[in-house]
Amino acid sequence: GLVAAKLHIDNVAYYAGAPPQAEAWKVPVYHPRKADVLIQYFYLKDQSLVLLGDADTHFYANGLRYPDFLDGRTGKVHSESAGAYVLSSSALEAQLLARSVVLLTLPEAKALVEKSTANTRVIRWQEQLDQLMPQEFRSGALPVAKEPQR
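Rules used throughout
Residues numbered from 1 in each chain as written. Predicted model: local features only at pLDDT ≥ 70, side-chain atom pairs only at ≥ 80, totals over all residues. Heavy atoms only, no water. Helix = DSSP H or I, 4+ residues; strand = E, 2+ residues; numbered from the N terminus. Buried < 20%, exposed > 50% of the residue type's maximum accessible area, 1.4 Å probe, protein only. Contact = heavy atoms within 4.5 Å. Areas by Shrake-Rupley, 256 points an atom, 1.4 Å probe, with all protein chains shown as cover. Phe/Tyr/Trp six-rings, centres within 6.5 Å; stacked < 30°, edge-to-face > 60°. Arc of directions from axis to C-beta. Pairing = 2+ DSSP bridges. Axes fitted to C-alpha atoms, helices over the stretch in contact; angles between N-to-C directions.

**Let's talk about the overall build of the protein**
Step number 1: Secondary structure summary: the protein contains two helices and twelve strands in total.
Step number 2: For the protein, buried positions account for 39% of its 150 residues.
Step number 3: The long-range share in the protein, meaning contacts at least 24 apart out of those at least 6 apart in sequence, stands at 48%.
Step number 4: When the accessible surface of the protein is totalled, it reaches about 8800 Å², and 54% of it is carbon and sulfur.

Pasting the structure below:
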């Protein structure tokens, strides 16, 4: 039977099982603003991953850079967050959380993740003093696959 599979649609991927001769899928993760800069790898098994960044979806207005995250509550562009990476046992919940946490304030984002019914890890990229700083939130006990030992 099927031992491992990767289903990838747009910015959502689900990693079922593990490839042959591996303990988990080795998934490259790139900087949310610089699509050619590798920042780390996630090792995933039976988990979904949403990578939402503004590297390719931003615009400039009056000399300022804005991510293309439109807040449906206000109709305004949200400019503090550069994106979010969400690992979850649920692909649907990962996608919904990624789209939500980029628009919320830090306390609102943390509270939303803590209410998640899935085992979830969220890394949200926040602009602070012209630098991107990652902020991490978790709910449940999402297993974290480790890099294989050599």
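**Observations regarding the packing of aromatic side chains**
Step number 1: All told, the structure shown has two aromatic pairs when counted by the stated rule.
Step number 2: Their ring planes at 55° and their centres at 5.9 Å tell us that tyrosine 15 and tryptophan 25 sit as a pair that is tilted. With tyrosine 15 in strand β2 (residues 12-16) and tryptophan 25 in strand β3 (residues 25-30), this residue pair connects regions lying ten residues apart in the sequence.
Step number 3: Their ring planes at 65° and their centres at 6.0 Å tell us that tyrosine 85 and tryptophan 125 sit as a pair that is edge-to-face. Highlighted residues: tyrosine 85 in strand β10 (residues 81-88) and tryptophan 125 in strand β11 (residues 120-128), separated in sequence by 40 residues. Grouping residues by exposure puts tyrosine 85 and tryptophan 125 together as buried.

**Quick notes on helix α1 (residues 91-101)**
Step number 1: Of the residues making up α1, those classed as buried are Glu93, Ala94, Leu97, Ala98 and Val101. Down the axis of α1, the sector holding all buried residues measures 130°, keeping them to one side. Opposite the buried face of α1, by more than 90 degrees, sit the exposed residues Leu92 and Leu96.
Step number 2: Taken together, the buried residues of α1 touch β5 (47-53), β10, α2 (106-114) and β11.

**Some points on the sheet that holds β5**
Step number 1: Strand order in the open sheet formed by six strands is β1-β2-β5-β10-β11-β12, and the pairing between neighbours is antiparallel. What marks the edges here is a single partner per strand, and that holds for β1 (5-9) and β12 (131-139). Between one strand axis and the next, the sheet turns by 15° as a mean value, whatever way the strands run.
Step number 2: Bridge count between β2 and β5: four bridges; the pairing is antiparallel. Pairing of valine 12 across the sheet is with valine 50, part of β5.

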